[in-house]
Amino acid sequence: MSVSKNINNITLDIKKYSPHPEKVNLISVTKYVDTTIIKEALEGGAYLLGENKVQVLTKKYDELIDFDLKHKWHFIGNLQKNKVKYIASFIDTIHSVNKLSLAVEINKRAQDHKRKIDVLIEINLFEEDNKEGYVYTDFLNDIPSLLELKNINIKGFMTMAPYNYNEDLIRGGFKKLRELKDELNILYFNNTLTELSMGMSNDYKIALEEGATFIRVGSKIFE
Ligand SMILES: *Cc1c(COP(=O)(O)O)cnc(C)c1O
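Residues numbered from 1 in each chain as written. Predicted model: local features only at pLDDT ≥ 70, side-chain atom pairs only at ≥ 80, totals over all residues. Heavy atoms only, no water.

**Overview of the overall build of the protein chain**
Secondary structure assignment for the protein chain yields 9 helices and 8 strands. Computed over the C-alpha atoms, the radius of gyration of the protein chain is 17 Å, within 12% of the 17 Å expected from 2.2 N^0.38 for a compact globule of 223 residues. If you line up the protein chain on its principal axes, its C-alpha atoms span 45 × 45 × 30 Å. Across the 223 residues that make up the protein chain, the buried fraction comes to 51%. Nonlocal contacts in the protein chain, meaning residues at least 24 apart in sequence, comprise 62% of its contacts between residues at least 6 apart. Of the roughly 11,000 Å² of accessible surface on the protein chain, a fraction of 48% belongs to carbon and sulfur atoms. Put simply, the protein chain has 31 plus and 32 minus side-chain charges, and the middle of one group is 3 Å from the middle of the other. (Helix = DSSP H or I, 4+ residues; strand = E, 2+ residues; numbered from the N terminus. Rg over C-alpha atoms; globule rule 2.2 N^0.38 Å. Buried < 20%, exposed > 50% of the residue type's maximum accessible area, 1.4 Å probe, protein only. Contact = heavy atoms within 4.5 Å. Areas by Shrake-Rupley, 256 points an atom, 1.4 Å probe, with all protein chains shown as cover. Lys, Arg positive; Asp, Glu negative; His and termini not counted. Charge placed at Lys NZ, Arg CZ, Asp CG, Glu CD.)

Below, the structure written as structure tokens:
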């Protein structure tokens, strides 16, 4: 099947499974393919592209910079502080803020470029099996400091469900993330948290039903 057909099918699933399809954006995760194939995705209607490695991302960014003027890059992987500087001039959204020191660095690099960077806080909801996100209680403690960082916009949360979890556990995690967003919007964020980045190829339908606004899909588009 072709890349554009796959994108089309996922777009139909968004309409079918989401309670608010107009708020949902598909991120095409391009880590499996090179720019020749990414161009097919752009021609097929994708415009948000996701990568999880800085070096690969900067290379693809350069290669596609003149190809399609409306695409945007999202960073979705584990981000090392010393690499933020390589993406700070152009990255649209960073989905994986998992500690205060990383947020401070993103804020500083955004300031260097006189811009604001949208970020999502990655929450570790599946603690035993996923060591990458913020531990929730640490995040709560850090909220006052995070709110002082004026060159990042905290737009919401991201989470990743382990591959070996069953549907109930996955759904439970996604539902929990939505509830946290709703609670924290009232307590600290004055309804500025609008995004939930959850769902990949094998679980995006569940994520859509539970209120995802970004789904990050790779293999279902490119394999
Ligand atoms: C690879 C990756 C995805 C996409 O995974 P698929 O199962 O191929 O759809 C989504 N999010 C993150 C953080 C990833 O690293």
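From this point, the narrative continues.
**Here's the deal with helix α2 (residues 35-43)**
All of the buried residues along α2 are T35, I38, A41 and L42. Buried residues of α2, viewed axially, fall in a sector of 100°; they line one side. For α2, exposure combined with an orientation more than 90 degrees from the buried face picks out T36 and E43. Positive backbone phi, approximately 105°, marks G45, located one or two places after α2. (Arc of directions from axis to C-beta.)

**Here's the deal with helix α7 (residues 167-189)**
Along its 23 residues, α7 runs 30 Å from first to last C-alpha, staying within 8% of the 33 Å computed at 1.5 Å per residue. Largest kink in α7: about 25°, centred on E183. Listing the buried residues of α7 in full gives I170, G173, F174, L177, L180, K181, L184, N185 and F189. Considering only its buried residues, α7 is in contact with α6 (136-147), β6 (152-158), β7 (195-197) and α8 (204-209). N-cap assignment for α7: the residue whose side-chain oxygen lies 3.0 Å from the backbone N of D168 is N166. Directly beyond the C-terminal end of α7, a positive phi value near 50° is found at N190. (Expected span 1.5 Å × (residues − 1). Bend = angle between axes of the 7 residues up to and from the residue. Polar contact = N/O pair within 3.5 Å; in protein donor to acceptor, adjacent residues only side chain to side chain.)

**Some remarks on the site of the ligand**
Taken together, the neighbourhood of the ligand is formed by 13 residues, with K31, Y32, S201, G218 and S219 sitting nearest. At a separation of 2.7 Å, an oxygen atom of the ligand approaches a polar side-chain atom of K31. Between an oxygen atom of the ligand and a side-chain N or O atom of S201, the distance comes to 2.5 Å. Contact with the protein chains covers 95% of the free accessible surface of the ligand, which is 390 Å². In this structure the site holding the ligand corresponds to the largest pocket. For the shell around the ligand, the class distribution of residues is 7 nonpolar, 4 polar and 2 charged. (Near = heavy atom within 4 Å. 1 Å grid on protein atoms, 1.4 Å probe; cavity = no way out; pocket = protein on both sides within 12 Å on 5 of 7 lines; lining within 4 Å. Sits in = over half its atoms within 2 Å of the grid points. Nonpolar A, V, L, I, M, F, W, Y, C, P; charged D, E, K, R; others polar.)

**So, the environment of T194**
Residue placement: T194 occurs in the loop between α7 and β7. Considered as a pair, T194 and E223 are 29 residues apart in the sequence and their alpha carbons are 31 Å apart. Excluding residues that lie within four positions of it along the chain, T194 makes contacts with K155, K181 and T213.

**Comments concerning the layout of surface pockets**
Estimates place the volume of the largest pocket at around 300 Å³. Along the lines of polarity and charge, the residues of the lining of the largest pocket split into 8 nonpolar, 7 polar and 4 charged. Taken together, 14 residues line the second largest pocket, and the ones lying closest to its centre are T11, I14, V24, L26 and G45. Listing elements by their share of the lining of the second largest pocket, those giving two or more residues are α1 (3-17) and β1 (25-29). Tallied by class, residues from the lining of the second largest pocket come to 8 nonpolar, 5 polar and 1 charged. (Points joined across faces, edges and corners; volume = space filled by probe spheres on them.)

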